[in-house]
Amino acid sequence: MNMNLKDVITELCSIPGPAGFEEPVARRVKEMLEPLVDEARIDVLGNVIGVRRCGKENAKKLLFDAHIDEIGFVVTGVEEGFLRFSKLGGFDARVIPAAGVTVCTDPPLYGVISVLPPHILKKEDTENNFKIEDLFIDIGLSHDEAVKLVSPGTHGVFAYGVRSFGKNLICGKAIDDRAGVAAFMRSLELLAETDLDVDLYVMASVQEEVGSRGAATGAYAIAPDYSVVIDVDHVKTPDTKPADTAMLMGDGVIITRGPNMNPALTEAVIKLAKENDIKHQINVKAESNSGTNARAIQISRAGTATALLGLPMKYMHSANEVASLDDIEACAQLLTRVAKSMKGGAE
């Protein structure tokens, strides 16, 4: 088959699955993986783990990881028919007033983050930042109706799906990091007729947005020798400062250098990108934690040689994340080259 990245990402992003509530999207990922691997399973924490075995004795293990959870919220109570909530994962309260949300009841309810119109706000109030604790979700019901339908602990997500945007771009919720999952699926497809010298594991990990919990437990169980983590990374927009980022949308997959990444593996990945004319950019994260699953996997057990690939993204952790299908394809091509290059884990 010839995987259509946009269709795969659109389908995955349409399934609600915030941190801690990933089961529906995990089931679908497992179904998609089954034709591409020898074995696919969902572990106790909810990670989807697939393995394609090379059939060689004492083969090294190579892991591709991308997380399936998205940012979202959990209902903590009902006040006068409006839902009070806490966030799941990190997002800026400034971007959510008046946003549409899906409250994951059965059947789901549509809601709107309530916000006062500017006509009745004082001027100084329009210049103040919002706080999550001051916001509510309006589901259009009376208090008694809301209490019957929505109990504390009910989760939810932004309501918007993925749309085409500009030239070969996509825009929507949960592209962070289901585009990364689609990238390693595409790589598995490209590798279908290739004999490998390593056992290739893929992990669609859970709860990255609340502390990389799935990656920590999944990597412990797999015990990979090498790992490549795929996540999203920031790009320049008109409001970014020069110190924020030099990465550009459409300029290719981002390969990151820094203490959270293994230098030898990272340089090998950069070399592969150059040798195979795969469009790429070099980023630096000097801090000890890259803010991705790379840290959890790097220090799992006795340590794992880990590289980090970034998918360029605008408006991360919002209802309208933007990514380039060309950059995602470049990531898949580079993952494919990494898997092919491993000679019994020697590289």
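These numbers were taken from a predicted model, which means no experiment stands behind them. (Residues numbered from 1 in each chain as written. Predicted model: local features only at pLDDT ≥ 70, side-chain atom pairs only at ≥ 80, totals over all residues. Heavy atoms only, no water.)

1. Quick look at the overall build of the chain
Assigned secondary structure in the chain consists of 9 helices and 17 strands. Compactness check: the chain gives a C-alpha radius of gyration of 21 Å against a globular reference of 20 Å for 347 residues, within 12% of the reference. Each principal axis of the C-alpha distribution contributes one length, and for the chain these read about 65 × 45 × 40 Å. Looking at the chain as a whole, 54% of its 347 residues qualify as buried. Accessible surface for the chain amounts to roughly 15,500 Å². Of this, 51% is attributable to carbon and sulfur atoms. (Helix = DSSP H or I, 4+ residues; strand = E, 2+ residues; numbered from the N terminus. Rg over C-alpha atoms; globule rule 2.2 N^0.38 Å. Buried < 20%, exposed > 50% of the residue type's maximum accessible area, 1.4 Å probe, protein only. Areas by Shrake-Rupley, 256 points an atom, 1.4 Å probe, with all protein chains shown as cover.)

2. Considering unusual backbone geometry
In this chain, D106 is followed by P107 through a cis amide linkage whose omega measures 0°. Considering the arrangement of structural elements, one finds P107 in the loop between strand 6 (100–103) and strand 7 (109–113). Cis geometry is found at the peptide bond from D176 to D177, where omega equals 5°. Relative to the elements of secondary structure, D177 occurs in helix 5 (residues 175–190). At Q207, a position not held by glycine, the phi torsion is positive, near 60°. The topology assignment puts Q207 in the loop between strand 12 (199–205) and helix 6 (213–222).

3. Notes on the packing of aromatic side chains
Across all of its chains, the model carries 2 aromatic pairs by this definition. On the basis of an interplanar angle of 65° and a centroid distance of 5.7 Å, the ring pair of F73 and F85 is categorised as edge-to-face. Of this pair, F73 sits in strand 4 (residues 72–79) while F85 is found in strand 5 (residues 82–88), placing the two residues 12 residues apart along the sequence. If you follow K87 out to its NZ or CZ, it ends over the ring of F91, 6.0 Å from the centre. Of note, R301 hangs over the ring of Y220, and the distance from its end group to the ring centre comes to 4.0 Å. (Phe/Tyr/Trp six-rings, centres within 6.5 Å; stacked < 30°, edge-to-face > 60°. Lys NZ or Arg CZ within 6 Å of the ring centre and 35° of its normal.)

4. A closer look at the side chain of T105
With respect to the helices and strands, T105 occurs in the loop between strand 6 and strand 7. In this structure T105 comes out as buried when scored by relative accessible area, which is 14%. Excluding anything up to four places from it in sequence, T105 contacts L149, V150 and T154. (Contact = heavy atoms within 4.5 Å.)

5. Quick notes on the packing of helix 1 (residues 5–13) against helix 5
When two helices pack together, their arrangement is given by the angle between the helix axes and by the axis-to-axis distance. Contact geometry for helix 1 and helix 5: axes closest at 9 Å, N-to-C directions at 135°. On the basis of the axis angle, helix 1 is oblique to helix 5. Between helix 1 and helix 5 lies a crossing of right-handed hand. Only I175, R178, A179, V181, A182, M185 and R186 of helix 5 make contact with helix 1, whose side of the interface consists of L5, V8, I9, L12 and C13. The class makeup of the residues in the contact of helix 1 with helix 5 is 10 nonpolar, no polar and 2 charged. (Axes fitted to C-alpha atoms, helices over the stretch in contact; angles between N-to-C directions. Parallel < 35°, antiparallel > 145°, perpendicular 65-115°, else oblique. Left-handed = near helix turned anticlockwise from the far one by under 90°. Nonpolar A, V, L, I, M, F, W, Y, C, P; charged D, E, K, R; others polar.)

6. With respect to the sheet that holds strand 7
The strand order around the closed barrel formed by 6 strands is 4-5-8-7-6-9, and the pairing between neighbours is antiparallel. Inspection of the sheet shows strand 7 paired to strand 8 (residues 137–138) by 2 bridges, in the antiparallel sense. Looking at strand 8, one finds that I113 is bridged to I137. (Pairing = 2+ DSSP bridges.)

7. Observations regarding the pairing of strand 17 (residues 321–324)
The two faces of strand 17 match: E321 and A323 on one face and V322 and S324 on the other face are all buried. Where strand 11 (residues 169–172) and strand 17 come together, 4 bridges link them in antiparallel fashion. Pairing of G172 across the sheet is with E321, part of strand 17. In this structure, the hairpin formed by strand 16 (residues 305–314) and strand 17 is closed by a connection of 6 residues, where Y315 is found at a positive phi of approximately 60°.

8. A short note on the pairing of strand 1 (residues 39–42)
Two elements, strand 1 and strand 2 (residues 48–52), share 4 bridges in a ladder whose sense is antiparallel. Paired with R41 across the strands is I49, a residue of strand 2.

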